[in-house]
Structure formats: structure tokens, C-alpha cells
Amino acid sequence: MGVNIQFSQSYYWLNSWIMANVMQLATQDFCDRFIDYRIDPGRRLYDQMVMAARSGGANIAEGSSRHSTSIETELRLLDVARGSFNELQGDIYNFLLRCKADVWSIGTPDREAIWQMRLDSPQYGNDYLHDAAIHINAQKRKFAPWLENDNPVIVANALLVLCIREQKILTSQMKSQLESFKETGGFSENMTAERMEARKNQATAAGAPACPLCGKPMLKRLQKRGQMQGREFWGCSDYPQCKGSRNTD
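Throughout, a residue's number is its position along its own chain's written sequence, starting from 1. Selection of residues for local features in this predicted model requires a pLDDT of at least 70, selection of side-chain atom pairs for listing and counting requires 80 or more, and totals for whole chains, interfaces and linings are taken over all residues. For the side-chain quantities, the full set of heavy atoms in the structure was used; hydrogens and water were omitted.

**Things to note about the overall build of the protein chain**
For helices the rule is a DSSP run of H or I covering at least 4 residues; for strands it is a run of E covering at least 2, with both sets numbered from the N terminus onward. Along its length, the protein chain carries 8 helices and 3 strands. Secondary structure elements of the protein chain occur, N-terminal to C-terminal, as α-α-α-α-α-α-α-α-β-β-β. Buried residues in the protein chain amount to 39% of all 249 residues. Considering only contacts in the protein chain between residues 6 or more positions apart, those separated by 24 or more positions represent 64%. Working definition: with a 1.4 Å probe on protein chains only, accessible area under 20% of the residue-type maximum means buried, over 50% means exposed, and in between means partly exposed. Contact between two residues is taken to exist if any of their heavy atoms lie within 4.5 Å; hydrogens are not considered.

As C-alpha cells, this is what we get:
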């Protein structure tokens, strides 16, 4: 597979990024309404929760925009995003503990409703920035009965479920990208393949001899070690799969 430089803002179509925006908006609203001076006099908790939510979405965007040039960087940043939502989950969990509130268990109707709620597939036109804003707000409204509730315990529990759900989405996305890497390689591997293919074409055009073993065009190489170090010779362009060689004379 050759090098393919893709559109760098394709993350607008990712469910992980869309859900991250829903969570960032919901976290900002939650902190505005319920994290006040009585429980956060220094405003540090407010800042940490809002920044954790922001970091999640920002790292998904940055990582996904690097997909075509560095899958390794993409995976690292997606993992940072996953860690940010885990941090946010911890703060929300602590809020519920401080309130001595019940944390929804698996099977609780509200929890299951949020867990099963599916996001719509993006249907963007040419003006994707405008269309994405409409789409994100529409997805947020799906969770409005819980996220816009006047009871902070309900809102916190809803956010807790979404944090866990987002981390699972990101884990699945990372596994998918890893499988893609196994199948097609990364940017460095494909750059090398592109260069080798170009060298084969150049050798064929220049009348290079054919490999005596497989018949593919040969490339001029230098002996790197041994008594003949520095000697020029013809080596098969399919090396290391084929180790055919010829003397240059």
C-alpha cells in the first residue's frame, strides 16, 4: 500500500469525537450548575473537570489528524484521551461519594437507557463545520432528560456512564487502528516501499540487469562489511526476499 495523505479533519465523522463534544458541553454545564464555592472554594475541581473533558476531545482530534503520517502517534494520543476521560470519571465518582449518593448499578433503567442510546451517523454536506455543530447538539439532546436534570446526582450518574462508554469506544477505535497497522503498515514502512518501487522503475528504465534467481530488476549496492567492504555490486531489488547478486563487471 502506498503513502496516502488523508484529509486531516476526518475526526468530525468519528463517534468518539462527537461523544467527546457532548461530554465536554455536559461537563461544562454540570460544573457551572453544581461545582460551587461550597465544595470547591479554590475552583480547582471545576478547572480540572472542565480541562479533562476538553483534553479528551482535543487529543482525539489531534491523534486522528495524524492517522496518515503516524499511526503510533495516533494511538498514543487516543490513549491520552482515554486517560482524560478516566480522570473525569474519577472526579464525578468522588462527587457522588461526597454527596453520599447512590451510584447506579448495572441494570438500573436510567443507566441502561443511557448505555443503549445510539448516536446518529453524521450526514454532513460541504459545510461540515456548520453541519457538525447541528449534529453534536442533536446528539446531546438525546441525553437531555438526564444531563439537563435539576438533580445533580442524576446528572453525575449520567456523566459517569458516558465516561465509561467513551473509554470503551476509544479502546475499540485503538484496536481497529492497530489491526489496520498490521495490515497496511505505517507511514515509515509505506514511504520505504514507495522509494523502493521508484528505484525499481528507475533501474528498469536504465537497463539494469535482471536478477539471475527471480528475474526482477537489480539495483547497484555497496558491500557494507567483510574483505570486500566498499565494493559495488548488483543486488536484487526484491531483497531480502531474494538474495540474487551479480558483479558489476
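From this point on, the discussion continues.
**Here's the deal with unusual backbone geometry**
Residue Arg43 is not a glycine yet carries a positive backbone phi of 65°. A residue is classified by how much of its surface remains accessible, and Arg43, at 44% relative accessible area, is partly exposed. In this model, Lys100 sits at a positive phi of 55°, which is unusual for a non-glycine residue. The residue Lys100 is located in the loop between α3 (71-98) and α4 (109-116) in this model.

**A few points about the pattern of salt bridges**
One side-chain nitrogen of Lys or Arg within 4 Å of one carboxyl oxygen of Asp or Glu is enough to make a salt bridge. Tallied over the full model, the rule gives 8 salt bridges. For Arg33, the salt bridge identified is with Asp29, shortest N-O distance 3.3 Å. Highlighted residues: Arg33 and Asp29, both in helix α1 (residues 15-34), separated by 4 residues, approximately one helical turn. The salt bridge partner of Arg82 is Asp79, with a shortest N-O separation of 2.6 Å. Residue Arg82 and its partner Asp79 are located together in helix α3, separated by 3 residues, close to a single helical turn.

**Section: the packing of aromatic side chains**
Aromatic rings from Phe, Tyr and Trp, with only the six-membered ring used for Trp, were paired whenever their centres fell within 6.5 Å, and each pair was classed as stacked if the ring planes differed by under 30 degrees, edge-to-face if by over 60, and tilted otherwise. Counting across every chain of the model gives 8 aromatic pairs. Ring geometry for Tyr12 and Tyr128: centres 5.1 Å apart, planes at 80°, overall edge-to-face. Note that Tyr12 is positioned in the segment before α1 and Tyr128 in helix α5 (residues 128-142), a separation of 116 residues in sequence. Take Tyr12 and Tyr128: they sit in the same class, and that class is buried. Through a chain of ring-to-ring contacts, the aromatic side chains of Tyr11, Tyr12, Trp13, Trp17, Tyr124 and Tyr128 assemble into a single cluster.

**Considering α3**
What a helix should span is 1.5 Å times the count of its residues minus one. A rise of 1.5 Å per residue sets the reference length of α3, with its 28 residues, at 40 Å; its end C-alpha atoms lie 41 Å apart and thus fit the reference within 8%. Where α3 terminates, the next one or two residues include Lys100, which has phi positive at roughly 55°.

**What to know about α1**
Taking 1.5 Å of rise per residue, the 20 residues of α1 would be expected to cover 28 Å, and the 28 Å separating its terminal C-alpha atoms lies within 8% of that figure. In terms of burial, α1 is a largely internal element, 14 of the 20 residues being buried.

**Let's talk about the sheet that holds strand β3 (residues 245-247)**
A sheet is described by the order of its strands in space; here 3 strands give the open sequence β1-β2-β3, paired in antiparallel fashion. Whereas interior strands pair on both sides, the edge strands pair on one side only; in this sheet they are β1 (218-222) and β3. Taken over all neighbouring pairs, the strand axes of this sheet differ in orientation by 35° on average, direction set aside. Pairing between strand β2 (residues 232-236) and β3: 3 bridges, direction antiparallel. Paired with Phe233 across the two strands is Asn247, which belongs to β3. Whether two strands pair depends on DSSP finding at least two bridges between them. Axis lines are fitted to C-alpha atoms, over the contacting stretch for helices. Their N-to-C directions set the angle, which ranges from 0 to 180 degrees.

**Thoughts on the packing of α1 against α3**
The geometry of a pair of packed helices is captured by two quantities: the angle between their axes and the separation between those axes. The N-to-C vectors of α1 and α3 enclose an angle of 30°; their axes lie 13 Å apart at closest approach. Between α1 and α3, the interaxial angle falls into the category roughly parallel. Of the two possible hands of crossing, α1 and α3 adopt the one that is left-handed. Counting all contacts with α1, which are made through Ala20, Met23, Thr27, Phe30 and Phe34, the residues of α3 involved are Phe85, Leu88 and Phe95. Looking at side-chain class alone, the contact of α1 with α3 contains 7 nonpolar, 1 polar and no charged residues. For classification, angles of less than 35 degrees are called roughly parallel, those exceeding 145 degrees roughly antiparallel, those between 65 and 115 degrees roughly perpendicular, and all remaining angles oblique. Left-handed describes a crossing in which the near helix is turned anticlockwise from the far one by less than a right angle; the clockwise case is right-handed. Note that Gly is not counted as nonpolar here; it falls among the polar residues with everything else outside the nonpolar set of Ala, Val, Leu, Ile, Met, Phe, Trp, Tyr, Cys and Pro and the charged set of Asp, Glu, Lys and Arg.

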